[in-house]
Amino acid sequence: MRSDTQGKPVARSPKGANPLKTYGVCPTPLDKVIRPSTIKLPQTPFARFRLLFLVFAVASAVMAALAIPTGDASPAAKLGGIGLSFALAAYWIFGYRRARFSLALELFEVYAVFIILHVAPGDPFLPLLGILFRSLYGGFPRAFARYVLWMAALLGAHAGRGDEQLEADLARAAAVALAPVLGQALLVALKASEIIQRRLNSIVQNSTDVVTIVGADHRVQWQAESIRRVLGHSPDTIVGTRVHELVHPDDRPALDGYFADAEGNPEHRRSLTLRLAHGAGGHRHFDVVAANRLHDPSVEGFVLNMRDATDRRGLEDELRALAAQREYDALHDPLTGLANRRKLFARLDETTTAARAVKTKLALLLIDLDHFKELNDTLGHHAGDRLLREIGPRLEACAPEAELVARVGGDEFAVLMPLDTTVEGAEVLAGKLARAIEEPFRFQGMTMLVRASVGIAMFPDHGRDVESLMQRADIAMYSAKSRGVGCEVYSASRDGHSRARLALIGELPEAIESGQIVVHYQPKFDLQTGSIGGAEALVRWEHPQFGLLGPGAFLPLAEQTGLMRPLTLRVLDDALAQCARWLESGLRLPVAVNLGAPNLLDLGLPVDVKALLEKWDLHPSMLQLEITETIVAADPVRVIEIMNKLGELGIELSLDDFGTGSSSLAYLRELPVQELKIDKSFILGMDEDAEAATIVQTIVDLAHNLGLRAVGEGIETEEAYRLLADCGCDHGQGFLMGRPMPAAELAQLALGAPARY
């Protein structure tokens, strides 16, 4: 760099550059030369208080340094005092920044104070302001010891200045005596306040709630740090923006409504549900509690306490969906998806009320599948369920105008027609429904044909309420089934038998309890000796109006109404009681009791049987239980489980109606039976049909080869008796030897001479 003629610096040309060319000089910007640093004040009140007293203390040290030159001390002493003043000020600044002071340098401070006070003229504020600042550090014992040393330094530095100075110094020492106490008390109070403040800040900042303070202009004044974690926003980017920018556009009117209502209304609160924008995109539901604190000088804004409600809303949605699903399940059949009986009754009640109001008619069609039980027993419940599932769509396709298509239960369906339906229209629809059901079903390569019986009842002609209308449609349906006509409209002239049937259903529970159910006994003969080896218990109903009813009149009703268990237990109890009485009279006659399908699906049956044997003090060998082959085929796994439990009690089991089922041979090896009863359909024809006789001989041989007894039932001719005996059949029963009879008659027959035919 060289100077021009005016003494101004001129830029030199770079080496190798043309000296005739000029180069622009880029002056360094002023803000690059002078870099002002932002002075950050302490965040806590205590730290600010310390800073204030630091300023006072440093100022007192500087003032002492400025006063020293005017004193009478030697130049060297003055220079040392000035240096110690600035050194002391620097040490205090350093200690303040480190937030602590070294214990080892406490004596240095005392020495520095002593020298400064010794060379400084007058009474500097250094000991007062310095001790106030230093009393904010260390515990009380240390602060008090520091005070004693500093005051000793004060008195020592002014020694020899006379009594007046001594009195002034003692007064100053006494005045400063409270500094350690006040400083430590202030220290404790401010630290406690800071702890509370930090705890509060920590709670607010780390809470799962988001706290936002919004000013009167609806801009965010303060934002809790928790928004970063909950909503993915930086608090710095939120402060100063309108709070509406966070809120979903559809929810902003609700927020504006609160602001409008809260204006001029201090303490006004409201709970809102708002969707807030998430930093990652989309919106989340929040429960917001808004409070008006504009009147509070420490807040001056609306406080929004926001809690993420996304999970709660999701749970509420799930609960609503679950409630809706449960309501749907309560009104619909789980197998077919059609309306169930409950929904049918509710809709029927609504529709009859509407029809009554406008004085018009409506029709109810009740549909029952013919011989569905046989199909279920033969092919299994899986096939039956599949058939029932296919029925629903056919009914709905045939009756799109129907008010409701429902599955009433089992194999019964109902179709509720709309208002103004005539009898003729109902009959036409019934024919269409029957034809649709008769369309072949395909199952596992087989073609199945199913027929249906349809009963029609009209409102208000046949019934004016839900119960009567359902009853009349049921009567018409059973009448159509019994007459084989497919479809029938209710007629009072055909109601007699159905009324009697309904009456029997209502009377059966009382009959079981009151003793109207009685047991007759059919003898079982030893075909080789002609003696009676036991008896089969057969149930009868001594009805007070209809006389003695056979099992066919009420057993199906018991199965339909769930009364098989109490009925079977009644028969078992009576039969075992009679067996015990026979034993007391010296007559040993084991009794056999038939079990129905519901009994063999009852896991409590073995327990009940054991209790009855113990009640009458009978050996299990005195009881035999008969199970039909079709029952075993319907649910072999569960039936065999029950049979095994009965066998474990020592009870003999007999497989009844053998030869008529479809799958018993597959399970015969697994069945814990001791006896095979040949179905009477083979016995009745064996004296005229050689093939029937061959079948009987085969079954007898099969039983003996398996170690089982063979029993023939339905013996009505002497020839049949002889053929069975020649086949080696062990026992037999039939009208030839004895019809079912009361217990007393059987006892007389058993005590008589053996019968040989």
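Remember, predicted model here, so these are calculated numbers, not experimental data.

Definitions and limits used
Residues numbered from 1 in each chain as written. Predicted model: local features only at pLDDT ≥ 70, side-chain atom pairs only at ≥ 80, totals over all residues. Heavy atoms only, no water. Helix = DSSP H or I, 4+ residues; strand = E, 2+ residues; numbered from the N terminus. Buried < 20%, exposed > 50% of the residue type's maximum accessible area, 1.4 Å probe, protein only. Areas by Shrake-Rupley, 256 points an atom, 1.4 Å probe, with all protein chains shown as cover. Pairing = 2+ DSSP bridges. Axes fitted to C-alpha atoms, helices over the stretch in contact; angles between N-to-C directions. Contact = heavy atoms within 4.5 Å.

A. Spatial organisation of the overall build of the protein chain. Within the protein chain, the secondary structure is distributed over 28 helices and 23 strands. Considering the protein chain as a whole, with its 757 residues, one finds that 43% of them fall into the buried category. Put simply, the protein chain shows about 39,000 Å² of open surface, and 57% of that area lies on carbon and sulfur atoms.

B. Examining the sheet that holds strand 14 (residues 487-489) more closely. In spatial order, the strands read 9-10-8-13-14; together these five strands make up an open sheet with mixed pairing. Because the sheet does not close on itself, it has two edges, and the strands there are strand 9 (404-409) and strand 14. On average, each strand axis in the sheet is inclined to that of its neighbour by 20°, with strand direction left out of account. One ladder, built from three bridges, connects strand 13 (residues 452-459) with strand 14; its direction is parallel. Counted as the bridge partner of Gly-455 is Glu-488 from strand 14. Sitting on the sheet, helix 16 (residues 423-438) is in contact with strand 8 (362-369), strand 10 (412-416), strand 13 and strand 14, with an inclination near 25° to strand 8.

C. Spotlight on unusual backbone geometry. With an omega dihedral of 5°, the bond running from Phe-459 to Pro-460 counts as a cis peptide bond. Along the polypeptide, Pro-460 turns up in the loop between strand 13 and helix 17 (466-483). The phi angle at Glu-267 is positive, at roughly 65°, despite the residue not being glycine. Note on placement: Glu-267 falls in the loop between helix 11 (252-262) and strand 5 (269-277). With a relative accessible area of 42%, Glu-267 lands in the partly exposed category. One non-glycine residue, Glu-300, lies in positive phi territory at about 55°. Relative to the assigned elements, Glu-300 resides in the loop between strand 6 (283-293) and strand 7 (301-308).

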